[in-house]
Amino acid sequence: MSLLRAWTTLLWLSFRRLLWSGSTLMVLLPFTACALFLIRRGFWKEANLFETFNDFSLFMMFVFASFVVPICAVAYATASIGGDREDRTLLFLLVRPVPRVLIFFAKFIATLPLVLGLVMGAFYLYCRLGGDIGRAAYPLYLPAIFYMSIAYVSLFHFFAVSFRHSTIIALIYALFMELLLGNMPGIVKRVAINYYGRSMMYAAGVPHGLDRPEAEWFEPISATTAALALVGITLAALLVALVVFQRREYTDLT
Amino acid sequence: MLLTFDQVTKFYGPVIGVNNISCRIGPGITGLFGANGAGKSTLMKLASGQLRPSQGEVKVGEHRAWSTEAKRHFGYVPDLNSFYEEMTCLDFVYVMARLYGLKRSDARRRTAEVIEEVGMADRSGRKLAGCSHGMRQRIKLAQALINDPPILLLDEPLSGIDPGGRREISRLLVAQGEKGKTILISSHILGETESLTDSVLIIARGRIVASGTLSEIRAKLEDRPLTVEIRSPQSRRLAALLVDEPELRNIELRPTGLIVQTRNPLRFFTFINDLVAKNGIEIEQLQTLDGGADAVFNYLQQGSR
Amino acid sequence: MGIDNAHYYGWDGKLHSPWWATLAIVRVALLQVFRRKSYWLVIALGIFQFLVFWVIIYALLQARLPADAQRELFKLFNFSPTVEPGKDNGYIEFMQRQSVVVMILLAFSGSLLVGADFRMKSLPFYLSRRVDRRHYIVGKLMAISVIISLLTTVPALLLFIEYGMLTSSLSYWTDNWNTVFSVLTYGATICVVLSIMLVTISAYLQRMAPIAITWSTIFVMLGLLAQYLRNATGNDNWALIDPWLDIRLVGKLCFGVFSDADGMERAISAAMILGTVCTVCLVALTHRVRAVDIVE
C-alpha cells in the first residue's frame, strides 16, 4: 500500500512537472501554427471533395504525423527522465524505496497522457477544422496517429535512460531520421517510425480518395504489418529501456 | 543498524574508485575523511545504492545497498546542489516524505517536524530557487531525516553553512547519534566535523588508511615526526642542549621559544623530561602543534602517496 | 597598518579594450561546440555533404562523364558553377542544403553556448568584468556566426576554389569573381539572421528541448506550411513566412540576380521581415542579458 502511495506521488509529481514545464508552451507553437494553417486553408469550403481529402491527408501525413507528433514526443519523453538526469534530481528518486521499474513506469505513464492528450486533442480539432473531409479522415487516421505517438514516447524514453545527452540524440532522430531519411527513396525510410504510420495512413486513406504514392518513392506496407511494427517498436523500446534503467549506474548525477 | 563494506572494490572503467575496502560502521557518528578524489563520494554512493560494487558487497543492515529494501533504512544527503527549483522547501520535503509511502497526514506532520528540526520553519514557504546555499543544505538534511532512518549518510553536510547554523546542525546530528543511529559524515575538512565524530575513517587513493578514534590513530603513529612548541625564558640554552638529541630533525629559535621537530615523540618527551630536571631549565609551556586531526590527516595523506 | 600589501605589485599595464574579450568568448564557444562528440554526428553530416559536392565537381570536370550523366547530375544537385540571371549558382545551392545541418547544430548549440549561461547563472562571470552586455552579445553572435560560416560559407568557397583548380586556366575564377561575392553576401545574411534569432531564443528558453522545438518550428515547419499555402492559394507571398527563403531572397538581393520587378519586390519584403524580426530579437535580447537574475 505504501509503495502504491509512493508510486502515485511520483506519477503525479512527474506529470505536474512536465505539464508546467517550458516544453508545454513550446509544443503549443507547432500545434497553433497547424491550426492557423488549417483555418487559412479552409478545407471546409472546398467543393472538390476528393482533391481536398487528398490535400488534407497529405498535410496530416507530412506535417502533423512526420513533424509535430515526434516533436511533441521529444518535448515530453526526453524531459521526463532526461530532464531529471540533466538537473540531477533523479538522484532524489533513486535513493527512495521505490523499485526502479516503478520509477520508470511512473515517468512513462506520466508522459503518455500529455503526449496522447495533446496529439489526439489537436488531431480531433484539426479534423473539425477540416469540415466534412476532416470528419471522414478522423477515424481513418486515428489508429496510425495513436500507434505512432506511443512508439515515439517509448523510443525517446529509451534514449533518455540510455544516453546522457538524450535530447540531442532524440532531436537528431526526430529531425534527421524522421524528416530526411523518412522521405528518401528506397528502403532506408524504414528506419523512421513515420514510415509505418504513413503506411497505415495510406492503407486507410487510399480507398477514400487519397492518391497512391509513386511506388519508386514510397512503397507502403500493409496496415496490419505497419501496426504490428509500431507495437513491436513500442514494446521493444520499453523493454530495453526498462532493462537499462534497472541496471544502469548513473554516475553523472553527483 | 550496521553499514557493512565487505572487500568492496569499485572500478570506473580502468580507473579504480575504491580498492578492497572492508569495514563495519555501527551506531554513533563516524567521520569519513579524505582529500578530493580520495574515494569518499564513491564510498557514499556505494552505501546509498547508487553504485554497485565491482567486487565485494555493501550491506545496509541485512540488505544489499543496491536493493529497494535497503533504501528504507537510510537517509542520504548528497553533495549536489540541485533540487526541483520551482518547489517551495515545504513542498519538496513533503514530496520526499510521500515517496517513502507516508500517508498525507503523516507526511505533513513529519515534514513540519523535520523542517523545524533543521531550523527552516520560518522560511519553509520559500522557493528553492531563491534559497541560499546554507538553506539548501538544511533542506537536504530535512529530506534525509524524513523517514527517521536508522542510518544517515551525509556527504559534506556542513559545507556552506554559517557558524551559527553549523552549531545547530551539529547539535542535531549529535542528538541523532545519541539515539543510536549510524551516521556517516564525509568531509575533506577535518576541523569542520572533528568535534562531532566518535570515530573516523581516513581514506586516501581509494583505500582506508586509518580507522578508529582520533587518539587511537594518533597513538598508532608514534614514529611519525611531531612538531612541539616549547616556551621557556632559557630557550637559547635549551636549544644548545637539545642539539645532541639524535632523534631531533629540526630546531627553530623564535622570540617566544623553540619549535622542535622530532622523529620519535615518545623518546623525545622522555629525553626532555630528564634534560629539564638535570639542568634546572624553566619551561613555561610545552605543546604539540600537529597532534590535531588535520595534522594526522595530512600525514596519512602524504604516507599514501 | 591594517593590511600589509608589501608582497603585492600594483598593475601598471594598460588593459585592452573590452571588445577584445569578444574574441575570447568566440574561442571558448568554438571549443565548447567542437569538443562535444555528439555534435560531431551533425557536423559529420555537413562534411559528408561537402564531400559529395566535391566529388560531383571532380566528376563533372575530370571524369569525362557522358553528356546525359552530366545533365542528370546537374539536375539532381542543381549545381551550376556560374551565375545566370534569375538563377542561383551551385554554391548557394550547396549552402542551402547545408541549412538542415546548420539548423540542427544550432538547435543544440543555443542551449550550450547561451542557454547554459543563464541556467547555470554564469552570466555574472562575464558581466562582472569590464565586459558589459554589448560585448557579451556581440561575442556570442560572432561565435555562432563562425560556426555557421564553417559549415556554409567556408566550404562553399572551397568548392569554388576546387572548381577553378580543376580547370586548365585561371579564367573560371576571373570570369566568375562575382560568385564569391554572392556566396559571401548570402553567408553573411545567414550568419546575421540566424545568430541574432538563436541567441535571443536561447537566452529566453535556455533548455535544449524547448530551443530545438521552437527553432525547428520556425525553420522546418514554417517552410512546409509556406509551401502548402502557396500551392493551395496560388499566392506567392505566402512563401515569405519561410525564413530560409527570406534569407535566400535577401542574399540574392545583395547580389542582384532578380530579372523581374516582382522578384525584387518580394526580396525587399523578405528583407523587411527579417529586419523587423532581428530588431525585435535584439531589443528582447538586450533586455534579457543582465548580471543579476531576479528570483521571486
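Residues take numbers from 1 onward in each chain, read along the sequence in its written order. By the order in which they are written, chains take letters starting at A while ligands take numbers starting at 1. For this predicted model, a pLDDT threshold of at least 70 governs which residues receive local features, and a threshold of 80 or more governs which side-chain atom pairs are given and counted, while totals over whole chains, interfaces and linings are taken from all residues.

1. Regarding the overall build of chain A
Of the regular secondary structure elements, chain A holds nine helices and zero strands. Only runs of H or I of at least four residues qualify as helices and only runs of E of at least two qualify as strands under DSSP, and these elements are numbered from the N terminus. The helix and strand sequence of chain A, counted from the amino end, reads α-α-α-α-α-α-α-α-α. Computation of the radius of gyration draws on C-alpha atoms, with the globule rule given as 2.2 Å multiplied by the number of residues to the power 0.38. Against the compact-globule benchmark of 18 Å for 254 residues, chain A has a radius of gyration of 19 Å, which places it among compact chains. Expressed as lengths along the three principal axes of its C-alpha atoms, the size of chain A is roughly 60 × 35 × 30 Å. Exposure classification rests on a simple neighbour count of other C-beta atoms within 10 Å of a residue's own: a residue reaching 20 or more is buried, one at 12 or fewer is exposed, and one in between is partly exposed. C-beta atoms are placed from the backbone. Across the 254 residues of chain A, 54% fall into the buried class.

2. Details of the interface of chain A and chain C
Put simply, an interface is often sized by how much accessible area is lost when its parts join up. We call two residues in contact whenever the C-beta atoms placed from their backbones are within 7 Å. Contact with chain A, which involves 29 residues of that partner, is made by 24 residues of chain C. Those elements giving two or more residues to the side of chain A that touches chain C turn out to be helix 2 (22-41), helix 3 (49-87) and helix 7 (166-178) of chain A. When residues are grouped by polarity, Ala, Val, Leu, Ile, Met, Phe, Trp, Tyr, Cys and Pro land in nonpolar, Asp, Glu, Lys and Arg in charged, and all others, Gly among them, in polar. Class assignment of the residues belonging to the side of chain A that touches chain C gives a composition of 21 nonpolar, five polar and three charged.

3. Considerations on the domain arrangement of chain B
Note: domain ranges come from an automatic or database domain assignment. When cut into domains, chain B gives domain 1 (3-219) and domain 2 (220-303). On a C-alpha basis, the centres of domain 1 of chain B and domain 2 of chain B stand 39 Å from each other.

4. A word on the sheet that holds strand 13 (residues 257-262) of chain B
All names here are of chain B. Here, any two strands with at least 2 DSSP bridges between them count as paired. Taken in spatial order, the four strands make up an open sheet running 12-13-11-14, and their pairing is antiparallel. If you trace the sheet from one side to the other, it starts and ends with strand 12 (248-254) and strand 14 (285-288), each paired once. With direction set aside, neighbouring strand axes in the sheet form an average angle of 15°. Bridge count between strand 12 and strand 13: six bridges; the pairing is antiparallel. Bridge pairing in strand 13 links asparagine 250 to glutamine 261. Sheet contacts for helix 8 (residues 235-242): strand 11 (226-231), strand 12 and strand 13; angle to strand 12, the most-contacted strand, approximately 165°. Only the contacting stretch of a helix is used when fitting its axis, a line to C-alpha atoms as for every element, and angles between N-to-C directions run 0 to 180 degrees.

5. Observations regarding helix 9 (residues 265-279) of chain B
Note on helix geometry: an α-helix contains 3.6 residues per turn, so any two residues three or four positions apart are oriented the same way. The span you would expect from a helix comes to 1.5 Å times its residue count less one. With 15 residues, helix 9 of chain B should cover 21 Å at 1.5 Å per step; its first-to-last C-alpha distance of 21 Å lies within 8% of that length. Note on helix 9 of chain B: the residue one or two positions beyond its end, glycine 280 of chain B, has a positive phi of about 60°.

6. Quick notes on the pairing of strand 2 (residues 15-25) of chain B
In the case of a regular strand, side chains alternate between the two sheet surfaces. Residues and elements named next belong to chain B. Across seven bridges, the pairing between strand 1 (residues 3-12) and strand 2 is antiparallel. What sits directly across from lysine 10, in strand 2, is valine 18. Linkage of strand 1 to strand 2, two consecutive antiparallel strands, is achieved through a turn of two residues, within which glycine 13 is found at a positive phi near 60°.

7. Some details on the sheet that holds strand 10 (residues 207-212) of chain B
Residue and element names in this part refer to chain B. An order of 6-7-8-3-9-10 is seen for the six strands of this open sheet, with the pairing classed as mixed. Where the open sheet ends on each side, the last strands, each with one partner, are strand 6 (74-77) and strand 10. Each strand of the sheet is rotated relative to its neighbour by a mean of 15°, with strand direction disregarded. Sheet analysis places strand 7 (residues 151-155) next to strand 8 (residues 182-187), joined by five bridges and oriented parallel. Its bridge partner lying in strand 8, leucine 153 is registered against leucine 184. Contacts from helix 1 (residues 40-47) reach strand 3 (28-33), strand 7, strand 8 and strand 9 (199-204) within the one sheet, and its direction differs from that of strand 7 by about 150°.

8. Looking at the confidence of the model for chain A
As a per-residue measure, pLDDT reflects the predictor's confidence and takes values from 0 up to 100. Residues of chain A with pLDDT of at least 70 account for 100%, and the chain-wide mean is 90. Averaged pLDDT values for the elements of chain A fall to 84 in helix 7 of chain A and rise to 96 in helix 9 (residues 223-247) of chain A.

9. Considerations on the packing of helix 8 (residues 193-205) of chain A against helix 9 of chain A
Residue and element names in this part refer to chain A. Relative to each other, helix 8 and helix 9 sit at 150°, their axes nearing to 8 Å. When the axes of helix 8 and helix 9 are compared, the pair comes out roughly antiparallel. Of the two possible hands of crossing, helix 8 and helix 9 adopt the one that is left-handed. Contact residues: helix 8 offers Ile193, Tyr196, Gly197, Ser199, Met200, Ala203 and Ala204, while helix 9 offers Ala223, Ala226, Ala227, Ala229, Leu230 and Ile233. When grouped by side-chain class, the residues that make up the contact of helix 8 with helix 9 number eleven nonpolar, two polar and no charged. Geometric relationships in this document are graded by angle, where less than 35 degrees denotes roughly parallel, more than 145 denotes roughly antiparallel, 65 to 115 denotes roughly perpendicular, and other angles denote oblique. Two helices cross in a left-handed way if the nearer one is turned anticlockwise from the farther one by less than a right angle. They cross in a right-handed way if the turn is clockwise.

10. Focus: the packing of helix 6 (residues 131-162) of chain A against helix 9 of chain A
Residue and element names in this part refer to chain A. Packing of helix 6 against helix 9 brings their axes to within 8 Å, and their N-to-C directions diverge by 20°. With respect to helix 9, the element helix 6 is oriented roughly parallel. Note on packing geometry: the crossing formed by helix 6 with helix 9 is left-handed. Contact with helix 6, carried on its side by Pro143, Tyr147, Met148, Ile150, Ala151, Ser154, Leu155, His157, Phe158, Val161 and Ser162, involves Ala227, Leu230, Val231, Ile233, Thr234, Ala237, Leu238, Val240, Ala241, Val244 and Phe245 of helix 9 and no other residues of that element. Of the residues in the contact of helix 6 with helix 9, the class split is 18 nonpolar, four polar and no charged.

11. Section: helix 11 (residues 208-233) of chain C
All names here are of chain C. An ideal rise of 1.5 Å per residue puts 38 Å on 26 residues; helix 11 measures up with 36 Å between its terminal C-alpha atoms. Where helix 11 bends most, at threonine 217, the angle is about 35°. The positive-phi residue at the C-terminal boundary of helix 11 is glycine 234, with phi of around 75°. Fitting one axis to the seven residues ending at a residue and another to the seven starting there, the bend at that residue is the angle between the two axes.

12. Looking at the environment of leucine 91 of chain A
Among the structural elements, leucine 91 of chain A can be located in helix 4 (residues 90-94). A sequence separation of 161 residues divides leucine 91 of chain A from aspartate 252 of chain A, and the C-alpha atoms of the two residues are 9.8 Å apart.

13. Quick word on the nonpolar core
Formed by 243 residues in total, the largest nonpolar core has its most connected members in Cys72 of chain A together with Val93 of chain B. When near neighbours in sequence (up to four residues on either side) are disregarded, cysteine 72 of chain A contacts Val27, Val115, Leu118 and Val119 of chain A. Note on terminology: a nonpolar core is any set of buried Ala, Val, Leu, Ile, Met, Phe, Trp, Tyr and Cys residues joined through C-beta atoms within 7 Å.

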